[in-house]
Amino acid sequence: MVKPDFLGIGAQKCASTWLYRMLAAHPEVGVSQEKEVDFFSFHFDHGYQWYERKFEDCQNKSSAGEISPSYFCEPAVPERVRQYIPDARILVSFREPIQRALSNHRHEVRVGHFTGAELSFEAGLKNNPMYIDQGRYASHLKRWLRYFPSEQILVLLMDDIEKDPSACAKKVYEFLGVDPAFEPTELLERFNKSYANRSRKLLGIKDALYNLSRMPGGGWIWKAATSLGLRNLYRNVNKVSSELVIPAPAERTLDELRSEFLPEVRELSELIGRPLDSWLSCLLYTS
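Residues numbered from 1 in each chain as written. Predicted model: local features only at pLDDT ≥ 70, side-chain atom pairs only at ≥ 80, totals over all residues. Heavy atoms only, no water.

A few points about the sheet that holds strand β4 (residues 89-94)
Step number 1: Taken together, the 5 strands give an open sheet; going across it, the order is β2-β3-β1-β4-β5, and neighbouring strands pair in parallel fashion. Looking at the sheet topology across the chains shown, the edges are occupied by β2 (29-31) and β5 (153-157). Taking each pair of neighbouring strands and ignoring which way they run, the sheet shows an average axis angle of 25°.
Step number 2: Relative to strand β3 (residues 63-67), β2 runs parallel, the two sharing 3 bridges. Bridging across to β3, Val-29 finds its partner in Ser-63.
Step number 3: The sheet contacts of helix α9 (residues 165-176) involve β1 (6-8), β3, β4 and β5, and relative to β5 the element is tilted by about 175°. (Pairing = 2+ DSSP bridges. Helix = DSSP H or I, 4+ residues; strand = E, 2+ residues; numbered from the N terminus. Axes fitted to C-alpha atoms, helices over the stretch in contact; angles between N-to-C directions. Contact = heavy atoms within 4.5 Å.)

Dropping the structure here:
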């Protein structure tokens with residue numbers, strides 16, 4: 001069995017899908033078939049054999065790993081990873097924390113975790129404390145640094161990925177010790193665009209077909225749906241802009257988040273040795 005040598009640990013809604021696709025595209029890199037294995041966070045009781053079977057297709061790869069954003073803020077995860085892969089290379093990505101929280105809320109509405117007549121961001125904050133906790137980047141990163149030296153952790157910023165995805169992909173490949181000159185065709189594609197679903201039933205059917213396509217020998221299902229135009233039809237019928245169902249957050253709410261995240265961002269800047277001026281300018285603004 002293959003033992004992974006790298007992990008993408010999040011944070012959630014910080015370009016983890018982009019990172020997974022960039023890694024999966026590289027011929028020298030092997031990744032788990034499903035993006036989020038969540039072994040060290042939610043499935044640790046399954047044992048190492050269960051986990052290592054997720055990398056059976058990575059036998060001939062120079063580097064192998066997986067991306068599970070749930071790892072970043074779960075307190076028990078860093079020690080578990082350290083015990084199993086002490087030399088693991090850790091990939092972590094961040095974005096301005098208020099934008100991350102807003103994206104988190106849109107995601108929860110899109111996948112149906114948060115439903116009802118009141119879909120405001122304020123209602124989402126009351127329902128899900130992880131909107132804020134996921135954005136406490138410095139607090140969680142310090143925990144990881146207690147178990148892994150900084151040279152084993154590569155920090156990416158979503159700002160940089162959006163500005164120059166090619167340079168960021170090269171940095172990731174260099175960090176993993178694979179050919180940095182490789183450029184994936186998906187490099188400029190944006191994943192997980194913000195939208196909501198009109199019908200949960202249609203979403204369920206789409207997800208069922210996608211899951212079938214991920215099973216051995218099932219790749220033809222998704223290809224057939226694409227060639228028949230069913231994927232485009234689904235998008236036109238069932239997808240609607242998030243702004244049409246989720247009202248803009250109140251300025252008072254944003255001011256409260258600015259106060260919450262400002263000390264975290266200042267400390268994060270010190271931890272990673274990089275100024276975060278654009279983030280700070282957003283957090284220092286008050287209505």
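After that view, the rundown keeps rolling.
Focus on the pattern of salt bridges
Step number 1: Tallied over the entire structure, the rule returns 10 salt bridges.
Step number 2: Between Glu-267 and Lys-142 there is a salt bridge, with the nearest N and O atoms lying 2.8 Å from each other. With Glu-267 in helix α13 (residues 251-272) and Lys-142 in helix α7 (residues 137-145), this residue pair connects regions lying 125 residues apart in the sequence.
Step number 3: A residue is classified by how much of its surface remains accessible, and Lys-142, at 32% relative accessible area, is partly exposed. (Salt bridge = Lys/Arg side-chain N within 4 Å of Asp/Glu carboxyl O. Buried < 20%, exposed > 50% of the residue type's maximum accessible area, 1.4 Å probe, protein only.)

Some words on the packing of aromatic side chains
Step number 1: Scanning all chains against the criterion turns up 19 aromatic pairs.
Step number 2: With 5.2 Å between their ring centres and 85° between their planes, Tyr-51 and Phe-55 make a pair best called edge-to-face. Like Phe-55, Tyr-51 is buried.
Step number 3: For the pair Tyr-137 and Trp-279, a centre-to-centre distance of 6.1 Å together with 50° between the ring planes defines the contact as tilted. Highlighted residues: Tyr-137 in helix α7 and Trp-279 in helix α14 (residues 277-284), separated in sequence by 142 residues.
Step number 4: Looking at Trp-279, the relative accessible area reads 2%, which means it is buried. (Phe/Tyr/Trp six-rings, centres within 6.5 Å; stacked < 30°, edge-to-face > 60°.)

Quick word on unusual backbone geometry
With the exception of glycine, the majority of residues adopt a negative phi angle, and the majority of peptide bonds are in the trans configuration.
Step number 1: Put simply, Gly-10 and Ala-11 share a cis peptide bond, and its omega is 5°.
Step number 2: Within the fold, Ala-11 resides in the loop between β1 and α1 (16-25).
Step number 3: One non-glycine residue with positive phi stands out, namely Lys-13, at about 60°.
Step number 4: Tracing the backbone through its elements, the reader meets Lys-13 in the loop between β1 and α1.
Step number 5: According to the relative accessible area criterion, Lys-13 is buried, its value standing at 17%.
Step number 6: Despite not being glycine, Asp-38 shows a phi value in the positive range, around 60°.

Regarding the pairing of β3
Step number 1: Within β3, 5 of the 5 residues are buried, which leaves it mostly tucked inside the rest of the structure.
Step number 2: Burial along β3 is two-sided: the residues Ser-63, Gly-65 and Ile-67 and Ala-64 and Glu-66 are all buried.
Step number 3: The pairing of β1 with β3 spans 3 bridges and is classified as parallel. Among the inter-strand pairings, Gly-8 is bridged to a residue of β3, identified as Ile-67.

Quick notes on the environment of Val-37
Step number 1: Positionally, Val-37 belongs in the loop between β2 and α2 (48-52).
Step number 2: Its relative accessible area of 2% is what places Val-37 among the buried residues.
Step number 3: For the pair Val-37 and Ser-68, spaced 31 residues apart in sequence, the C-alpha to C-alpha distance is 6.1 Å.
Step number 4: Filtering out sequence-adjacent residues up to four positions away, Val-37 remains in contact with Ser-32, His-43, Trp-50, Tyr-51, Lys-54, Glu-66, Ile-67, Ser-68 and Tyr-71.

Concerning the packing of α13 against α14
Step number 1: Axis separation between α13 and α14 bottoms out at 9 Å; the angle between their running directions is 155°. With respect to their mutual orientation, α13 and α14 come out roughly antiparallel. Here α13 runs over α14; the crossing is left-handed. Contacts between α13 and α14 involve Arg-258, Phe-261, Leu-262, Val-265, Arg-266 and Leu-268 from the former and Trp-279, Leu-280, Cys-282, Leu-283 and Leu-284 from the latter.
Step number 2: A breakdown of the residues in the contact of α13 with α14 according to their chemical character gives 9 nonpolar, no polar and 2 charged. (Parallel < 35°, antiparallel > 145°, perpendicular 65-115°, else oblique. Left-handed = near helix turned anticlockwise from the far one by under 90°. Nonpolar A, V, L, I, M, F, W, Y, C, P; charged D, E, K, R; others polar.)

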